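Listed below, chain by chain, are the residues.
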Amino acid sequence: AQTVTQSQPEMSVQEAETVTLSCTYDTSENNYYLFWYKQPPSRQMILVIRQEAYKQQNATENRFSVNFQKAAKSFSLKISDSQLGDTAMYFCAFMKPFYGGSQGNLIFGKGTKLSVKP
Amino acid sequence: NAGVTQTPKFRILKIGQSMTLQCTQDMNHNYMYWYRQDPGMGLKLIYYSVGAGITDKGEVPNGYNVSRSTTEDFPLRLELAAPSQTSVYFCASSYAGQGEYSNQPQHFGDGTRLSIL
């Protein structure tokens, strides 16, 4: 079974600085997908970034980028130029591809609470 | 474009009562999911559906039932509410198909906060 571990329950960062959130996972699969979701106080689940395991290039979305280390099973999220609106819970999630009998559900870590301070 | 819509947003139930959490999506997604999120935890899968008429259990199905009579709707039923079912419930949907449309990310509803007293 797959597991996702986020070892930092809480983090804080000053506005405009850079912060990195850690995520490790365990799987015997060779192909899979990894995600970072943001959950602000409004409770919505917002997709931040997605990485496909067969792609060696790290995904980027504006101020958000990942450091994907497949051999180490590590998937960290870097937020550059942090903004007050980045304050939220951040969840790392794993998904097996739909082919091969997977139901395509997400397996989540426990989350990291990020506070951006002015 | 509404996406995934969940109702109600909040509900308080007494122990032993029953209720149905509604979920509908307008994106013609074939896969739908119900998750629960307990305080300080990530989401856990309750049930999922791969299409109309087909449902299956996830990691934490006890105390819940689902049905999928149409592509759009995927209601979650609590028959005898228990305090352990106090949680936030999320419905999600995605499309699994061929080629570039395979393995699309899941779209989530805004959640239902349910308290059992």
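Before reading further, recall that the structure is shown in the block above.
Just so we're clear, the structure is a prediction, and the values are computed from it rather than from any experiment. (Residues numbered from 1 in each chain as written. Chains lettered and ligands numbered in written order. Predicted model: local features only at pLDDT ≥ 70, side-chain atom pairs only at ≥ 80, totals over all residues. Heavy atoms only, no water.)

## Considering the overall build of chain A
Helices and strands together make up the secondary structure of chain A, namely zero helices and 12 strands. Along chain A, from the amino end to the carboxyl end, the secondary structure elements read β-β-β-β-β-β-β-β-β-β-β-β. A globule of 118 residues ought to have a C-alpha radius of gyration of about 13 Å, and chain A, at 14 Å, matches this closely. Along the first, second and third principal axes, the C-alpha atoms of chain A reach 45 × 30 × 20 Å. Looking at the 118 residues of chain A, the share that counts as buried comes to 50%. If you take every contact in chain A between residues at least 6 apart in sequence, the share linking residues at least 24 apart comes to 55%. For chain A, the computed accessible surface area is about 5700 Å², with 45% contributed by carbon and sulfur atoms. Placing the 12 positive and 9 negative side-chain charges of chain A at their respective mean positions leaves the two points 6 Å apart. (Helix = DSSP H or I, 4+ residues; strand = E, 2+ residues; numbered from the N terminus. Rg over C-alpha atoms; globule rule 2.2 N^0.38 Å. Buried < 20%, exposed > 50% of the residue type's maximum accessible area, 1.4 Å probe, protein only. Contact = heavy atoms within 4.5 Å. Areas by Shrake-Rupley, 256 points an atom, 1.4 Å probe, with all protein chains shown as cover. Lys, Arg positive; Asp, Glu negative; His and termini not counted. Charge placed at Lys NZ, Arg CZ, Asp CG, Glu CD.)

## Considering the interface of chain A and chain B
When the parts of a complex come together, some accessible area is lost, and that lost area is often used as the size of the interface. Each partner contributes to the interface: chain A provides 22 residues, whereas chain B provides 26 residues. Buried area between chain A and chain B, summed over both chains or domains, comes out near 1900 Å², and the portion from carbon and sulfur atoms is 56%. Considering only the surface of chain A that becomes buried against chain B, Arg43, Phe98 and Gln103 of chain A emerge as the three largest contributors, covering 37% of it. At the surface where chain A touches chain B, the tally comes to zero salt bridges. Applying the counting criterion to the chain A and chain B interface returns eight residue pairs in polar contact (both at pLDDT 80 or more). Broken down by secondary-structure element, the contributors of at least two residues to the side of chain A that touches chain B are strand E5 (33-39), strand E6 (46-52) and strand E10 (88-95) of chain A. Element by element, the count of residues in the side of chain A that touches chain B is highest for E5 of chain A, at four residues. Per-class residue counts for the side of chain A that touches chain B are 12 nonpolar, seven polar and three charged. (Buried area = accessible area lost by both parts, 1.4 Å probe. Salt bridge = Lys/Arg side-chain N within 4 Å of Asp/Glu carboxyl O. Polar contact = N/O pair within 3.5 Å; in protein donor to acceptor, adjacent residues only side chain to side chain. Nonpolar A, V, L, I, M, F, W, Y, C, P; charged D, E, K, R; others polar.)

## Concerning the pattern of salt bridges
Residue and element names in this part refer to chain A. Throughout the structure, instances matching the rule amount to seven salt bridges over all chains. Its salt-bridge partner being Asp26, residue Lys73 comes within 3.7 Å of it at the nearest N-O pair. Of this pair, Lys73 sits in the loop between strand E8 (64-69) and strand E9 (74-79) while Asp26 sits in strand E4 (residues 24-26), and the two are 47 residues apart along the sequence. Between Arg50 and Glu52 there is a salt bridge; the shortest N-O distance is 3.0 Å. With relative accessibility at 12%, the residue Glu52 sits in the buried group. Residues joined by salt bridges that share partners form a network here, namely Arg50, Glu52 and Lys55.

## Some remarks on the side chain of Gln51 of chain A
Within the fold, Gln51 of chain A resides in strand E6. Aside from chain neighbours lying at most four places away, what touches Gln51 of chain A is Tyr32, Tyr33, Leu34, Gln57, Asn58, Ala59, Val66, Phe68 and Phe75 of chain A.

## Considerations on the sheet that holds strand E1 (residues 4-7) of chain B
All names here are of chain B. The strand order across the open sheet formed by four strands is E1-E3-E8-E7, and the pairing between neighbours is antiparallel. Strands at the two margins of the open sheet, each flanked by one partner only, are E1 and strand E7 (64-66). Pairs of neighbouring strands in the sheet enclose a mean axial angle of 20 degrees, with direction left out of account. Where strand E3 (residues 19-25) lies against strand E8 (residues 76-78), three bridges are found, and the strand directions are antiparallel. From the neighbouring strand, Thr20 faces E8, where its bridge partner is Arg77. (Pairing = 2+ DSSP bridges. Axes fitted to C-alpha atoms, helices over the stretch in contact; angles between N-to-C directions.)

## Considering the pairing of strand E5 (residues 43-51) of chain B
Residue and element names in this part refer to chain B. Taking burial as the measure, the nine residues of E5 include seven buried ones, the bulk of the element. The sheet contact formed by strand E4 (residues 31-37) and E5 spans six bridges and is antiparallel. Opposite Tyr33, over in E5, you have Tyr48 as the bridge partner. The hairpin formed by E4 and E5 contains five residues between the paired strands, and Gly40 there has a positive phi angle of roughly 75 degrees. Relative to strand E6 (residues 54-57), E5 is paired through four bridges, and the arrangement is antiparallel. Within E6, the position partnered with Ser49 by the bridge is Thr55. Taken together, E5 and the strand that follows it, E6, pair antiparallel across an intervening segment of two residues, in which Gly53 is found at a positive phi of about 85 degrees.

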